[in-house]
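# Observations on the model geometry
Spelled out, the chains give:
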Amino acid sequence: MAFNHLPAAMHDALGALSVMPVTHSVPMAKNHRPSRPPESRGNRPSPRVVLDRLTASESRAARITHTEHLPPRPGRHAVWPHSIRPEVIRAVQDAGIEHPWAHQAEAAEHALDGESVVIATGTASGKSLAYLAPVLSTLLDGSEAANGRGTTALYLAPTKALAADQRRSVRALAAPLGNRIRPAVYDGDTPVEEREWVRQYANYVLTNPDMLHRGILPSHPRWSSFLRSLRYVVIDECHTYRGVFGSHVAQVLRRLRRVCAKYGADPVFLLASATSAEPAVAAGRLTGLPVTEVADDASPRGELVFALWEPPLTELHGEQGAPVRRTATAETADLLTDLTVQGVRTVAFVRSRRGAELISVIAQERLAEVDRSLARRVAAYRGGYLPEERRALEQALHSGELLGLAATTALELGIDVSGLDAVVIAGYPGTRASLWQQAGRAGRSGEGALAVLVARDDPLDTYLVHHPEALFRQPVESTVLDPDNPYVLAPHLCAAASELPLTEADLNLFGPAAPGLMPQLEAAGLLRRRSSGWYWTRRERAADLTDIRGGGGSPVQIVEAGTGRLLGTVDEAASHAAVHDGAVHLHQGRTYLVKHLDLQDPDGPVALVEQANPPYSTVARDTTSISVLETDTEIPWGAGRLCYGSVEVTNQVVSFLRRRLITGEVLGETKLDLPPRTLRTRAVWWTVTEDQLDAARINPEILGGALHAAEHASIGMLPLFATCDRWDIGGVSVPLHPDTLLPTVFVYDGHPGGAGFAERAFHTARAWLAATREAIAACECEAGCPSCIQSPKCGNGNDPLHKRGAVRLLTELLREAPEPAVPEREAPEPARPPEAPPAT
C-alpha cells in the first residue's frame, strides 16, 4: 500500500483542504463579541496598544508565543544623478519627496549608465521611484526626438492588480510632465478597442509575463515600433519568479531580448525584489544578463510589532481521533473583526481562495452584531474574480471605504495602500521573503505597524511559532529557478521559432540544454530544420503549448447553470479536486454546489454550479503511485540510501468527503469517476534496511504508519530549507517499493520536469530530516495530530500514522547520516534584534 501526499500542481483545491470551517463551534469564539474602543477613531493607536487590546483577555494573551519588536530606523538621503531631467526632479518634489534615499540614487545611476540593476531593499523603501526616475527621464528625452514615437519602456508585474496600481502611481507622478509620458495597461482586462491605441501611442506599457508570452511576442510585428525604441524593461517583485513559474518567465525574457535584437534594441533591465539571498545572482539567472545589486536600504522605517499567534486546542477530534486546534481561519476572522471595530485598517492574508471568502463572511456576520454599517466595510479579494470586481475592491481599499480585507496573495505584491495599520497572516506563506512581503503591507506611510502570524495546525507553522529564531534570526531564502528544465525550455524554443526562425547562434541565448532538445523537437514534428534555421511547423499557436503559471490546460469556467452567468475560473489542474461533481464552491460569500464538471466541452472546460446552502464542506480524496525512471545521485546513509533523480507520478481523484460545517464530522464519502493524471518530475527519496528497522524497533505492523508519518512531517518542514510551499511538493511512502525493493519515502516536485525543490532537499537532507524529527518529537500530542504528522491534503485520510515509530525511524536514519556534500543551513545565531526586517 502506498501513502501519498499530493502537490498543488495536480490540484489547487487548497482552500477546501486547508481549512475546516468550524468557526462557530468553539465556545470562546461564540462568546467573543467585540465592542468599540472608547478612543476616537481619529486617533491612531500605536501597534503595541492595538496588540494589547487584542490580547486583553487571559485566553487571548496565552495564544502569543513570541513578540518581536523592530525599532524605527532613520533614513539616509542622497542627490539625484545629474543626468535626471530637472522636470522629473520637480515632479518628484511636487509629490512631497525633496531628496531621494541613497539606494534610490544609486540604482538610478546604474540604470542611466546602461547597467541592468536589481533593487533588493525593504518594504516601502521607494523601489518604484528608484526605477521610475531614470525611466521617466529617458522617456522625456525620447519624446523630443525629431521623428518616430520616441523612447519606450515596458513594465512587467506578476499580477494585474499590481500593474493597475503602478499605472495610478505613474500617472500621478508624471502629471506635471504632460502628455509626453503616456502609461497604459495592456493585459487580459484591456478592452479590445483600447489595445490598438496602446500599441501605437503608449510609451510606458504595463503588462504581465503571461500577456508578454501569449500576446505581445507572438504578435511582435504589430509591436515593432514599440520594441524598436525599447530602452528599459522593469521587472517588479522579481522574487516571485521562482520555481517553474520563474523558469518559464526566464525563457519569456530571453525570447523578448531576441525579438528586441531583431529591431535593433538592447534594453536595460531594472528589477525590484524582496530582500533575498544573492539577488544579483537570481536576477542574472532570470534575465540571462549580468545584473548589478543595490541592497543597502537607506529608507526610514516605523516601528513594527510582530506577534506569533498559536490558536488554542479545541474539544473536537479530527481524523483518527487526533486533537484539533482552532483553525487559523477562525482565529484570523476574529482578529479581523476586532481590528475593524477598533478602526484599524487591516489586510488579512489567506493562503486559499476559499479561506479568504470564509474569513470575510465570518467577519461580516460578527461585525453586523456590533454595527451593521461595519459589516459593509469588510470584503474578500482573490484571484478568479471578474476584472470589474477586482477594480472596485482595489478602489474601495485605496479610498478607505474598506477597513478590512481578507485577501489571497493576489493582493500581496507591492500594492501601495497608504494608511494600513495591521496585517494578519493566516498561516506561514511558505518563505520568509513572502512573510516579510506581506507584513510590510502595513505601515507604508512610515507609521508604526502590527503584524500577526496565525499558525495553522501544521508541522511547519507549529515549529515556527515555537522557534522564532527561524523567522527573525535567519536570512531570507535564495530564489530557486531552473530555466534549463526541458519541460520548460522545449515549448519556449517552439514559441521562439514561431516568432522568428531559430538559428544556431540563437541557441546560446536559451542556455546549454537547448541544442540537445532540437533533435527531439524535430522528431516530434514540432520544428523543421532548413538551411536558415528551425521553423515552427504547426497551424496552432506555439505560445499555447505551455501555461507559464505551471498549471497547464485551459482554465475551467465556473458558470451558474440557471442564468449562464460566469462566476470565475479555476486552473485546469485544480479542477478535479476543486470543482468535481458535488463539490461545494464559494464565491463572494455565496455558496454553490457543482452540478457537473465537463472537461470535454467544445467551447472549453466548464463547471456548472447552482446556488445552495449545504451544511457541509467537501474534501477530495485521491490515490498516488510513483515509479523511479532514473537515479542521478545516491549516497549511503548507513545501510540505507539517499537518492535524487527522475520519477513518474500517477494520481487520480477517486472520491470526496462531506464534512459537517460545525464539527468537521465526516457525513459520507461519494465515489468519483475522473481520469488519472501522470507527472514526470524530480524527487528525493530515502530507503531503510531490515537491520535499520530492527535497530529502530519498527515491526511490520507499524512500518507503514511510521513511514507515512515521516513523509507527512518532512513535507511540512521542507519549506524551511527550500524556497517552496508545501503545496508545491508531494510525497509517497511505501513499505516495499518495487523499484528499490526496500521501505522508501519519496518527496517530489509537483511540476513537470521539477522545480529545484527536491534537489535542495537532497543537498540539505541531514538538517531537513533532523528538523522534521524534532518537530514530531516536540509535539505534545499523544499519537499524532495536524501540528506534527497529519496532513490536510492526505489522500489516505491520514491513515495509517505512527508518531513514535516515525521518531525512532528518523533517529536511526540520522544516526548514520554522512556530513553534507554542500553547506547545510547553519544553526541560528543567538537571538538579537535584526537591524532591519528582510522584506520588500
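Structure: see above.
Here's a quick rundown of the structure. (Residues numbered from 1 in each chain as written. Predicted model: local features only at pLDDT ≥ 70, side-chain atom pairs only at ≥ 80, totals over all residues. Heavy atoms only, no water.)

Counting secondary structure elements, the chain contains 29 helices and 30 strands. Considering only intrachain contacts with a sequence separation of at least 6, the fraction spanning at least 24 residues in the chain is 76%. Total accessible area on the chain is roughly 31,100 Å²; 50% of this is exposed by carbon and sulfur atoms. (Helix = DSSP H or I, 4+ residues; strand = E, 2+ residues; numbered from the N terminus. Contact = heavy atoms within 4.5 Å. Areas by Shrake-Rupley, 256 points an atom, 1.4 Å probe, with all protein chains shown as cover.)

Below, the discussion takes up the side chain of T772. One can find T772 in helix α28 (residues 765-778). A relative accessible area of 0% places T772 in the buried class. Ignoring anything within four residues of it in the chain, the contact list for T772 reads A710, A713, S714, M717 and L810. (Buried < 20%, exposed > 50% of the residue type's maximum accessible area, 1.4 Å probe, protein only.)

Applying the stated criterion to the full structure yields five cavities of 30 Å³ or more. Space inside the second largest cavity adds up to approximately 70 Å³. Taken together, C238, H239, Y241, S273, S276, P279, A282, A283, L286, T479 and L481 form the lining of the second largest cavity. The class makeup of the residues in the lining of the second largest cavity is seven nonpolar, four polar and no charged. (1 Å grid on protein atoms, 1.4 Å probe; cavity = no way out; pocket = protein on both sides within 12 Å on 5 of 7 lines; lining within 4 Å. Points joined across faces, edges and corners; volume = space filled by probe spheres on them. Nonpolar A, V, L, I, M, F, W, Y, C, P; charged D, E, K, R; others polar.)

Any aromatic ring pair is given by two values, namely how distant the centres are and how the planes are angled relative to each other. Throughout the structure, instances matching the rule amount to eleven aromatic pairs. Here the aromatic rings of W223 and F226 are separated by 5.6 Å at their centres, their planes lie at 80°, and the arrangement is edge-to-face. Note on F226: relative accessible area 1%, which makes it buried. Relative to F245, the ring of Y241 has its centre 5.4 Å away and its plane inclined at 65°; by these criteria the two rings are edge-to-face. Overall, Y241 belongs to the buried group, its relative accessible area being 1%. Taken together through their ring pairs, the aromatic side chains of Y131, Y155 and Y204 make up a single cluster. One residue, R195, lies across the ring of Y186, its end atom 5.5 Å from the ring centre. (Phe/Tyr/Trp six-rings, centres within 6.5 Å; stacked < 30°, edge-to-face > 60°. Lys NZ or Arg CZ within 6 Å of the ring centre and 35° of its normal.)

Before going further, it helps to spend a moment on the packing of α28 against helix α29 (residues 803-815). Two numbers describe a pair of packed helices, the interaxial angle and the distance between the axes. Where α28 meets α29, the axes come as close as 9 Å, and the angle between the chain directions of the two elements is 150°. The angle between α28 and α29 places the two elements in the roughly antiparallel class. Relative to α29, α28 is oriented so that their crossing is left-handed. Where α28 abuts α29, its residues R766, L769, A770, T772, R773, I776 and A777 lie against K803, A806, V807, L810, T811, L813 and L814. (Axes fitted to C-alpha atoms, helices over the stretch in contact; angles between N-to-C directions. Parallel < 35°, antiparallel > 145°, perpendicular 65-115°, else oblique. Left-handed = near helix turned anticlockwise from the far one by under 90°.)

Next up on the list: helix α19 (residues 459-466). Among the eight residues of α19, seven are classified as buried, and the element is accordingly described as predominantly covered. Of the residues making up α19, those classed as buried are P459, L460, D461, T462, Y463, L464 and V465. Tucked inside the fold, the buried residues of α19 contact β2 (64-70), β10 (304-309), β17 (449-454), α20 (469-472), α26 (700-717) and α28.

With that out of the way, let us pick up unusual backbone geometry. A positive phi is found at R697, a non-glycine position, where the angle reads about 55°. Mapped onto the elements, R697 comes out in the loop between α25 (690-695) and α26. For R697, a relative accessible area of 58% puts it in the exposed group. Positive phi, normally seen in glycine, also occurs at L741, with a value near 60°.

Here we take up the pairing of strand β19 (residues 533-536). Of the pairings in the sheet, the one linking strand β18 (residues 527-530) to β19 comprises four bridges and is antiparallel in character. Within the sheet, the bridge partner assigned to R530 lies in β19 and is G533. Count of turn residues in the β18/β19 antiparallel hairpin: two residues. (Pairing = 2+ DSSP bridges.)

Another point: the pattern of salt bridges. Throughout the structure, instances matching the rule amount to 32 salt bridges. R366 serves as the salt-bridge partner of D334, at 1.9 Å between the closest nitrogen and oxygen. Of the two residues, D334 is situated in helix α14 (residues 328-341) and R366 in helix α15 (residues 353-370); the sequence distance between them amounts to 32 residues. Comparing D334 with R366 shows no difference in burial state: the two are buried. When salt bridges that share partners are traced, they join R63, R326, E331, D334 and R366 into one network. (Salt bridge = Lys/Arg side-chain N within 4 Å of Asp/Glu carboxyl O.)

Before going further, it helps to examine the sheet that holds strand β22 (residues 584-587). The strand order β21-β20-β24-β23-β22 describes an open sheet built from five strands, whose pairing is mixed. Each edge of the sheet is formed by a strand with only one pairing partner; in this case those strands are β21 (566-570) and β22. With direction set aside, neighbouring strand axes in the sheet form an average angle of 35°. Pairing geometry for β22 and strand β23 (residues 590-598), over four bridges, is antiparallel. Bridge assignment links L586 to a residue of β23, and that residue is T591. Relative to the sheet, α15 contacts β21 and β22, its axis offset from that of β22 by approximately 60°.

Grouped together as the largest cluster of nonpolar side chains are 91 residues, with contacts concentrated most on F306, W686, L718 and W768. Per-element tally for this core: the top contributor is α26, with nine residues. Apart from residues no more than four positions distant in its own chain, L718 is found in contact with C724, I729, V747, F757, A761 and W768. (Core = buried A, V, L, I, M, F, W, Y, C linked by side-chain atoms within 4.5 Å.)

You can see T138 is positioned in helix α7 (residues 127-143). A polar side-chain atom of T138 sits 2.8 Å from the main-chain carbonyl oxygen of P134. If we ignore the near neighbours within four places in the chain, the residues touching T138 are L112, T151, R231 and Y232. (Polar contact = N/O pair within 3.5 Å; in protein donor to acceptor, adjacent residues only side chain to side chain.)

This part takes up the packing of α14 against α15. Relative orientation of the contacting elements α14 and α15 amounts to 45°, with a least axis distance of 8 Å. Judged on the interaxial angle alone, α15 and α14 are oblique. With respect to the hand of their crossing, α14 and α15 are arranged in right-handed fashion. The segment α14 lies against α15, with T329, A330, T332, A333, D334, L336, T337, T340 and V341 engaging G355, L358, I359, I362, A363, R366, L367 and V370. Class assignment of the residues belonging to the contact of α14 with α15 gives a composition of ten nonpolar, five polar and two charged.

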